[in-house]
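# Structural features, examined
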Amino acid sequence: MEFKNLLLRKADGLGWMTVNRPDKLNALNRETIEELLEAFKAWREDEEVLAVIMTGAGEKAFVAGADISELAGLDESSGREYARRGQELTMVIENYPKPVIAAINGYALGGGTELAMACHLRVGAETARLGQPEVKLGLIPGFGGTQRLARLVGKGRALEVILSGRMISASEALSWGLLNRVVPADRLLAEAEALAREIIKNGPLALGLAIEAMNRGLDRPLEEALEIEAEIFGQVCATEDAREGTAAFLEKRQPRFRGQ
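About the cut-offs
- Residues numbered from 1 in each chain as written.
- Predicted model: local features only at pLDDT ≥ 70, side-chain atom pairs only at ≥ 80, totals over all residues.
- Heavy atoms only, no water.
- Core = buried A, V, L, I, M, F, W, Y, C linked by side-chain atoms within 4.5 Å.
- Buried < 20%, exposed > 50% of the residue type's maximum accessible area, 1.4 Å probe, protein only.
- Helix = DSSP H or I, 4+ residues; strand = E, 2+ residues; numbered from the N terminus.
- Contact = heavy atoms within 4.5 Å.
- Salt bridge = Lys/Arg side-chain N within 4 Å of Asp/Glu carboxyl O.
- Pairing = 2+ DSSP bridges.
- Axes fitted to C-alpha atoms, helices over the stretch in contact; angles between N-to-C directions.
- Parallel < 35°, antiparallel > 145°, perpendicular 65-115°, else oblique.
- Left-handed = near helix turned anticlockwise from the far one by under 90°.
- Nonpolar A, V, L, I, M, F, W, Y, C, P; charged D, E, K, R; others polar.

Attention now moves to the nonpolar core. In this structure, Phe40, Phe62, Ile93, Ile104 and Leu130 are the most contacted members of the largest nonpolar core, which totals 45 residues. In terms of residue count, helix α1 (residues 30-44) provides more of this core than any other element does, six residues in total. Filtering out sequence-adjacent residues up to four positions away, isoleucine 104 remains in contact with Phe62, Ala116, Arg122, Val123, Gly124, Ala125, Ala128, Leu130, Leu179 and Leu188. Ala51, Val183, Leu188 and Ile200 belong to the second largest nonpolar core, which has 16 residues in total.

Structure follows, in structure tokens:
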């Protein structure tokens, strides 16, 4: 698969997805959103890809927001549709049945922070800067920022970031729980890969179902959420992977998961 604004690479179970518009600080335009949707769709059923690592080309930016030249021409109707398409992408990532890790190598602003928040895990370089500066343009976040940021860091901190439009440092994002790990920039991709490889040693069906259980139950009352967990636990118990994993433990050997 070849795209204009994405670089894709598969290696030893990992899919590397790089937003490749370094001259625009990897800003998200409509074309890039469509390419990301297509790439995630293709890798969903690709047995060679067990987890996805997403990053940005160059050293300056992960994704430094949406393409402002496109935002400038939006009216009420086209703005609504633009937001919905970006939200569709973030929902695809959030509900992806394979772990998706954002390796944030620089600026992740606006749509870039929204893209990163949709990923299951976020590893940031020490040079990373995150923020939702849309109010500086007279706009608001439109790809899920007003919703996911509050869920990740709490309403007060989310409103501070969104209403001030200020950037926050990698260390601050880590202390808030917005980032999982912060590492020196020259170790970013290696750290993201090590994390991904630690994860994909585990049962692939279990990984996807754990993501589903958390996403479906997170905003439900606890009793409902526990019922969802029990339902999905039952599903995974019926898989060959579960039988293999438990047998391997009892036999004191490494499991050989097949994703079945």
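On we go from here.
Turning to the pattern of salt bridges, a few remarks are in order. Applying the stated criterion across every chain yields a total of 23 salt bridges. Residues glutamate 31 and lysine 4 are paired through a salt bridge, measuring 3.8 Å at the closest nitrogen-oxygen approach. Here lysine 4 lies in the segment before β1 (6-11) and glutamate 31 lies in helix α1, a separation of 27 residues in the sequence. In this structure, the salt-bridge partner of arginine 30 is glutamate 70, at a minimum N-O distance of 3.8 Å. You can see arginine 30 sitting in helix α1 and its partner glutamate 70 sitting in helix α2 (residues 68-71), a full 40 residues away along the chain. With relative accessibility at 39%, the residue arginine 30 sits in the partly exposed group.

Take the sheet that holds strand β6 (residues 107-109) next. Pairing between the strands of a sheet is mediated by backbone hydrogen bonds and can be parallel or antiparallel. The mixed open sheet is built from four strands, whose spatial order is β4-β6-β8-β9. The strands lining the two open edges of the sheet, one partner per strand, are β4 (61-64) and β9 (168-169). The pairing of strand β8 (residues 129-131) with β9 spans two bridges and is antiparallel. Across the sheet, the residue bridging to leucine 130 is isoleucine 168, located in β9. Its contacts with the sheet put helix α4 (residues 111-118) on β4, β6 and β8, and the angle it makes with β4 is roughly 115°.

The interhelical angle for the contact between helix α9 (residues 204-217) and helix α10 (residues 222-237), taken along N-to-C directions, is 165°, at an axis separation of 9 Å. Looking at the two axes, α9 sits roughly antiparallel to α10. In this structure, α9 crosses over α10, and the sense of that crossing is right-handed. Listed contacts from α10 to Ala206, Leu209, Glu212, Ala213, Arg216 and Gly217 of α9 are Ala225, Ile228, Glu231, Ile232, Gln235 and Val236. Grouping the amino acids of the contact of α9 with α10 by side-chain chemistry returns seven nonpolar, two polar and three charged.

Strand order in the open sheet formed by six strands is β1-β2-β3-β5-β7-β10, and the pairing between neighbours is mixed. In this open sheet, the two edge strands, each paired with only one partner strand, are β1 and β10 (181-183). Going from strand to strand, the sheet's axes swing by 20° on average, the running direction of each strand aside. With six bridges connecting them, β1 and strand β2 (residues 14-19) associate as antiparallel partners. Bridge pairing in β2 links leucine 8 to methionine 17.

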